[in-house]
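So you can see what is in the structure, the chains are spelled out below.
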Amino acid sequence: MKLSRRDFLKWSSLSAIGAVSCIFPEREMRMSSSVEMPEDLVTGRDNWYATLCEQCPEREGIIVRVMEGRAKKIQGNPLYPTNLGGQSARCEGGLQAIYHPERLSGPMLRAGPRGSGHFEPTTWQDALGRVTGQMRQLQAEGDTGAALVVTDPLRGQMANVVGRFASSFGCRHVALEALEQHSLDRAVRDVFGQQRLPDLDIDNSSYVLSFGADVLSTWLSPVRYSRGYGRLRDHSNGGGRGLLVHADPRYSMTAANADQWIPVVPGRSGVLALSIAHEIISQEMGDPEAARAMTGGAGAAALEDFSADRVVRPDNPLYVGIPESIRGVAAADLIRNVAHDFANGHPALALGGGEAGAQSNGTFNLSAIYALNYLVGSVGGPPGSGGVVFNPSPPLPAATAAPASLTDWTAVAEDVREGNIRVIMVRGANPVHSLPGSVEFASAITTGRPFIVSFSNFLDDTAMMADVVLPQRLYLEDWGHDVPNPGPGYQMVGFQQPVVNPLPGLDPRSFPDLLLTMSQELGLDDGLPNTFRDVVREEARALHGLGRGSVEAATFEGFWNGLLQQGGWWDEEAVFRGAPPTPPNLAEMVSQGSATPVVRTAGGGGNVFRMIPFLSNSLLDGRGAHIPWLQAAPDPMTSVTWETWVEINSRKAREMGLREGDVVRLVNEAGLAIQAVVYPHPAMPPNVVGVPVGQGHRASGEYAMRDGERRGDNPIHILAPETDAATGSLAWGATEVRLETTGRNARLSKFEGIVPAFPIGVRDEDIVQVTRE
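Residues numbered from 1 in each chain as written. Predicted model: local features only at pLDDT ≥ 70, side-chain atom pairs only at ≥ 80, totals over all residues. Heavy atoms only, no water.

Moving on: the side chain of glutamine 496. Its place among the elements puts glutamine 496 in strand β23 (residues 490-496). In this structure the side chain of glutamine 496 is engaged in a polar contact, spanning 2.4 Å, whose partner is the side chain of arginine 59. Contacts of glutamine 496, omitting those with residues within four sequence positions, involve Thr51, Leu52, Glu54, Arg59, Tyr475, Asp478, Trp479, Gly480 and His481. (Helix = DSSP H or I, 4+ residues; strand = E, 2+ residues; numbered from the N terminus. Polar contact = N/O pair within 3.5 Å; in protein donor to acceptor, adjacent residues only side chain to side chain. Contact = heavy atoms within 4.5 Å.)

This is how it looks when you write it as structure tokens:
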């Protein structure tokens, strides 16, 4: 008799079946499986299991030390190509997530008003019956489009299962990314003709020019880029010490590690990039064929409006905001010097992201930045050659669930408000916390009253609004699969295996297995096996059939064990084989796109600033706020912990009568406001303030809150509803705020003590100042 998916769920909760351990640090891993050993056998020995981390979108390859059935230590997998043994602090926080005292033990039903936090426990049979009952009702009424599945951005087989469920049922699937990067995807398509993000080969470049992207902290693949930065600086590689120049309105971790930080007006990175291009072309320092293609044969004259002498004038609408002089070098000369060094720093690499793409002209900015690589011949080389390395297509068809834009989310919220969405299933996302206040998603739920199912292990902001909460297995307890994007320049697939079982008293279930079970009970034809483990094994079987790559075995079971031992499959010979595309025409780009960003002003006066939100180095967008290790991890630039602070120029703070610890209100043009604690920062331009994202939860447990109230505030709440003109994505760097004092002071929790920050060897009166635009 065929095992039903519901029957599988009953017994699959008992153990994580089929985990295969590995031995480190030997280069060649050898199988050491404990499948046949009694789980309660105390051996005094540890096992190391290779799997994937889910604490951040990078999904590093990790190895987990397990002793007597408990995970004891997480560290980077030295064989996994995208991180090669490195890991972030966020990875280690996974231990506290799995053994968190506030983790939900089983299904919960709402027992009070929506949002009250009153829930009562129930059985899995009852909870699943309620969910499938709601879905059956939509089927019976022919209104399956009234269901909505909300997740984090997904890749690999998880995206496949969720996508198959949504399509076979006939409902929508939308993914949420708090600080969107649609403009990056669009720029890569427009400039390089690529559907996948390229590998930015910092490791093998000699000169890196970065715009807005905090590559050493939170942008895209920071562990990989940090390793690359280490190699860039390594004298022993035979090429000498490489250079890093970073242009950014905020003094970020990447700016602090750069040889030269260029403070630029928010939204003007594209203008600066075109000014560098103009200098390279006018001085005939770049590839002449690329220069002709990028200017339509007109040469430097096509970019004359972006000459260095023009863009540094404060009266110019294209003013980039560089101080008149930095370290004795005039602003225009600084641009010329950077252009010269970039053109002669073979191999050189220009990259952009973060704030540079978070403007109404974000796609324009990033397109101009990445186009610079054509001028220095750094596009489409093989892995290890430096510059921009294109990633090949995955070895097998791979599903993805890209994040929805602000325009999409605004439409979704309106459908919820009007009652067009009647069932919402949420997994791995927290839209009540992570969407701007202008979307009013929480009020849309209150008005539209949909049936909400939260697949969450903790009562976060969205789970508090749910009717049913179904705790899922965490990544150390479940199967998984990933196709990294960006990849390492060749084909690779990551595999995740359960390395421990849930603690006694906890009864979470696998989210993809729950979807597969509901799919079967609803009579859907999803074309998938009964269990997610079998879905992952089917992918592995197809890889085995290719007969190539890093795992070699005569039988599939041998291949499967080898795959799990090393944490994935890759083939360093399977690289992008196409020729580099034709460079984009910069003159057409300028005519079609706006070089000047739109800003939502918060009024006049001297207390108005451009707000630059940035992901917390440990909490990211808030997904780690319930983990005390991550709350207590000091911010690498300010050493602040457990708080929302606002970075403001030290001299500007004195002019406003502010000192460290003062509590201020940041108010946007619509009157929405948050509060933050002042951190005077000598390197912040006087017209810019920086505020970390990650705090401000109305739920998520003891560590995410303070005495039952919000711990800090969430700057996403006050972001103006400005969008990138090309993609409709949130222009999260386009908000101006007005600072208002509250008269209160709260001592900052930080590691640097009471001595204020100051630049070494620079007097306070000599601190770089940037004229307000």
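Counting 75 residues, the largest nonpolar core has Phe211, Ile276, Leu351 and Leu372 as the members making the most contacts within it. The dominant element in this core, judged by the number of residues it contributes, is helix α13 (residues 362-375), at 9 residues. Ignoring any residue separated from it by four or fewer positions in sequence, one finds phenylalanine 211 in contact with His246, Ala247, Ser269, Leu272, Ala273, Ile276, Leu351, Gly352, Gly353, Ala356, Ile369 and Leu372. Grouped together as the second largest cluster of nonpolar side chains are 52 residues, Val174, Ile421, Ile648 and Leu666 included. (Core = buried A, V, L, I, M, F, W, Y, C linked by side-chain atoms within 4.5 Å. Buried < 20%, exposed > 50% of the residue type's maximum accessible area, 1.4 Å probe, protein only.)

Here we take up the sheet that holds strand β22 (residues 480-482). If you walk across this open sheet you meet the 3 strands as β22-β23-β24, and the pairing is antiparallel. In the strand order of this sheet, the two ends are held by β22 and β24 (568-575), each with one partner. Shown here is a sheet whose adjacent strand axes are inclined to one another by a mean of 10°, direction ignored. Across the sheet, helix α18 (residues 532-546) is in contact with β22, β23 and β24; its angle to β23 comes to roughly 150°. (Pairing = 2+ DSSP bridges. Axes fitted to C-alpha atoms, helices over the stretch in contact; angles between N-to-C directions.)

By secondary structure assignment, the location of serine 183 is in helix α6 (residues 182-192). At a separation of 2.9 Å, a polar atom in the side chain of serine 183 contacts the main-chain carbonyl oxygen of glycine 357. Not counting the four nearest positions on each side in its chain, serine 183 is found in contact with Gly357, Gly362, Thr363, Leu366, Asp724, Thr727 and Ser729.

Right, let's talk about the environment of tryptophan 569 for a bit. Along the chain, tryptophan 569 falls in strand β24. For tryptophan 569, a relative accessible area of 0% gives the class buried. Linking tryptophan 569 and phenylalanine 495, residues 74 residues apart in sequence, is a C-alpha distance of 7.9 Å. Setting aside residues up to four positions removed in sequence, tryptophan 569 forms contacts with Pro395, Gln491, Met492, Val493, Leu543, Leu546, Arg548, Gly549, Ser550, Val551, Phe559 and Leu563. One polar contact links the side chain of tryptophan 569 to the main-chain carbonyl oxygen of arginine 548, over a distance of 3.0 Å.

Right, let's talk about the confidence of the model for the chain for a bit. Mean pLDDT for the chain: 90, with 90% of residues reaching 70 or above. Counting contacts from residues 24-35, a segment whose pLDDT is below 50, to residues more than four positions away or on other chains yields 31 contacts. In this model, residues 763-773 is a region of pLDDT below 50 whose contacts with residues beyond four sequence positions or in other chains number 26 contacts. (pLDDT = per-residue confidence, 0-100.)

For the coordinates displayed, the defined rule picks out 8 cavities of 30 Å³ or more. Volume-wise, the largest cavity comes out at about 130 Å³. In terms of lining residues, the largest cavity is bounded by 17 residues, among which Ser616, Ser618, Leu619, Val640 and Trp645 are the most central. Looking at the lining of the largest cavity, the elements with two or more residues in it are α21 (628-632) and β29 (688-693). (1 Å grid on protein atoms, 1.4 Å probe; cavity = no way out; pocket = protein on both sides within 12 Å on 5 of 7 lines; lining within 4 Å. Points joined across faces, edges and corners; volume = space filled by probe spheres on them.)

Let us look at α13. In terms of residue burial, α13 counts as a mostly covered element, since 14 of its 14 residues are buried. Following α13 by one or two positions, glycine 377 adopts a phi angle in the positive range, close to 65°.

What follows covers the sheet that holds strand β16 (residues 348-352). Taken together, the 4 strands give an open sheet; going across it, the order is β13-β12-β11-β16, and neighbouring strands pair in parallel fashion. In this open sheet, the two edge strands, each paired with only one partner strand, are β13 (260-262) and β16. On average, each strand axis in the sheet is tilted by 15° relative to the strand beside it, whichever way the strands run. Pairing of strand β11 (residues 207-211) with β16, which is carried by 5 bridges, proceeds in the parallel orientation. Pairing of leucine 209 across the sheet is with alanine 350, part of β16. Packing of helix α12 (residues 331-344) onto the sheet brings it into contact with β11, β12 (243-247), β13 and β16, and relative to β11 it is tilted by some 130°.

This part takes up the pattern of salt bridges. Enumeration over the complete set of coordinates arrives at 34 salt bridges. Across the pair arginine 110 and aspartate 467 runs a salt bridge, and its minimum N-O distance is 2.6 Å. Placement of the pair is arginine 110 in strand β5 (residues 108-110) and aspartate 467 in the loop between β20 (451-455) and β21 (468-469), with a sequence separation of 357 residues. Note on aspartate 467: relative accessible area 11%, which makes it buried. (Salt bridge = Lys/Arg side-chain N within 4 Å of Asp/Glu carboxyl O.)

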